[in-house]
Every structure is written in structure tokens, then in C-alpha cells.
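Now for the letters of each chain:
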Amino acid sequence: MKSTFKVLFYLKKGSEKRNGEVSIMTRVTVDGKVCQFSTKQSILPENWNVKAGKATGKSAGQINKLLDDIMTVSRAQTIGVDMALEAVDLIALCDAVCNEARLIDQHRHELVFEASPDMCPQIIVDERLFRQMLENLISNAFKYSPPGSTVRIALDCDHENMWLAVHDEGVGVPMEAQNHLFDAFFRAGNVGAVSGTGLGLALVKLVVDLHNGKIEVQSREGRGSTFIITLPVAPPESEKTPE
């Protein structure tokens, strides 16, 4: 039996921008059951419409992934995120995520994963969060790229850092939108009718920050995007975000 879900983001009633922040309410409805919570958002883009955050779907996998992303971002902005750091074989993890992504995508795109086996031993990360991060990057690449195009993922390491690059041949990101690309609920003005919540890249940035890493985007509108993530091989100093 398939389930249905609906997610709606809207300004909290009576909310005014204070200290550079506004309160955003998130209402999640799954099979008629409602869960609602509030998060803080520092930037509300001018073209953001309270009804533009609506997303619908019928896949249990979609529901679980969306709720997981929402709750991770919400916890990070409130009580903090506990990290379960462990030695992870990133090549095996990335390969598994790519295989799952190809099945979900029904092979509408070509997904190529390249790695340097001799250069990437097990690295200390939170496996669940790293998986979420990669799933969101691949999902975004598929979502905004035409069928038949190629998404390339490259993993490389040295004794200090790990690099993960995700390249697509999609719509690209307008230059004026790139400064806000990792803000929760933000969506660039060229996404057209493609549905989305604007949370995927915010979660990616959160996971990178939790691992004391950095992320950069190289993109031109109409010419695709490349997201490059750098994480230190040494474990993060703190396993929990500040409260």
C-alpha cells in the first residue's frame, strides 16, 4: 500500500524578522497525520512564496528521506546533532549509494563513479550523515539534468583531506543565486516547474560543517554544476553542534 505525503513551509503567524531571523513553520502530513515544528531562517529570498515549499509524493522511500532531511536540519538549528563517528570505507559506501540511486532513477541518467582505491582507506565520518549528503547531491543532479545526461562522481584522498566532486550537465545555477544556494528553503529562480523543498543543499552544507569541511560550487547557468566537498581525514574536534 502506497502512502501519500505533503510538506508545507510557511511563515509563523505574527512572525516578524528579529535579529536577522524569521520563524518558518514546517507542516508534514503523512496519510492524514500531521507533524508540525518551527525552525529559524536568516534569509527569506524575495521570490520565495509560502506555498512554493509544497511538495507531494507517493513513495515510502521519498517520505522517509524527506522526513529524515527535515528532522536533521531542524535538530541542527535547535538541540544540535549527535554524530556517530566511525571508520568508514567511503568507496564502498559511495558505490552502494550510486547503485541505489540508479535504481531509483530507473536509469534515466548515466551515473559514473570514479575513485582512487589506493588513496582512500577508511576515513572517520558519520556514515548516516555522509550517506544523506551524497544522496542529496545525486538527487539534485538528477532532478535538474535532462534525461540521458551524465552525472559524474569522483572521490580522492591524501593523508590530510578527502575530496568528493559531483558534476552534472543540468540547468546550472545563476550567479546571483549562488550566495544563497545553501540557505534552507532557498530555490534558484531558474528551476522552473521542477518540484523541491529547498532543503537538500542546506543539509549538504550542514553535514560538511559538522565534519569541519568546506564546500564550493562551480556553475554557469545552462552549463551544469560541480559541487566539490573537502573533508579532513582526521575526525572533527566536536561530535555535536553547539546548542
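Our subject is the structure listed above.
The following paragraphs examine the structure supplied in this document.

Reading the values: rules and limits
- Residues numbered from 1 in each chain as written.
- Predicted model: local features only at pLDDT ≥ 70, side-chain atom pairs only at ≥ 80, totals over all residues.
- Heavy atoms only, no water.
- Salt bridge = Lys/Arg side-chain N within 4 Å of Asp/Glu carboxyl O.
- Helix = DSSP H or I, 4+ residues; strand = E, 2+ residues; numbered from the N terminus.
- Buried < 20%, exposed > 50% of the residue type's maximum accessible area, 1.4 Å probe, protein only.
- Expected span 1.5 Å × (residues − 1).
- Contact = heavy atoms within 4.5 Å.
- Polar contact = N/O pair within 3.5 Å; in protein donor to acceptor, adjacent residues only side chain to side chain.

A look at the pattern of salt bridges
One pass over the structure, following the stated rule, counts 4 salt bridges. As a salt-bridge pair, Glu 135 and Arg 131 come within 3.4 Å of each other at their nearest N and O atoms. Of this pair, Glu 135 and Arg 131 both sit in helix α3 (residues 127-143), 4 residues apart, roughly one helical turn. For Lys 205, the salt bridge identified is with Asp 209, shortest N-O distance 2.9 Å. Remark: Asp 209 and Lys 205 occur in helix α4 (residues 200-210); sequence separation between them is 4 residues, near one turn of the helix. Classification of Lys 205 as partly exposed rests on a relative accessible area of 26%. Classification of Asp 209 as partly exposed rests on a relative accessible area of 39%. Members of the salt-bridge network, linked through shared partners, are Glu 100, Arg 131 and Glu 135.

Things to note about helix α2 (residues 90-105)
A rise of 1.5 Å per residue sets the reference length of α2, with its 16 residues, at 22 Å; its end C-alpha atoms lie 22 Å apart and thus fit the reference within 8%. Residues Leu 90, Ile 91, Leu 93, Cys 94, Val 97, Cys 98, Ala 101, Arg 102 and Asp 105 constitute the buried set of α2. In the core, the buried residues of α2 are packed alongside β5 (85-88), β6 (110-115), β7 (123-126), α3, β8 (150-157) and β9 (161-167). You can read the cap of α2 off the contacts: a side-chain oxygen lies 3.2 Å from the backbone nitrogen of Ile 91, and it is on Asp 89.

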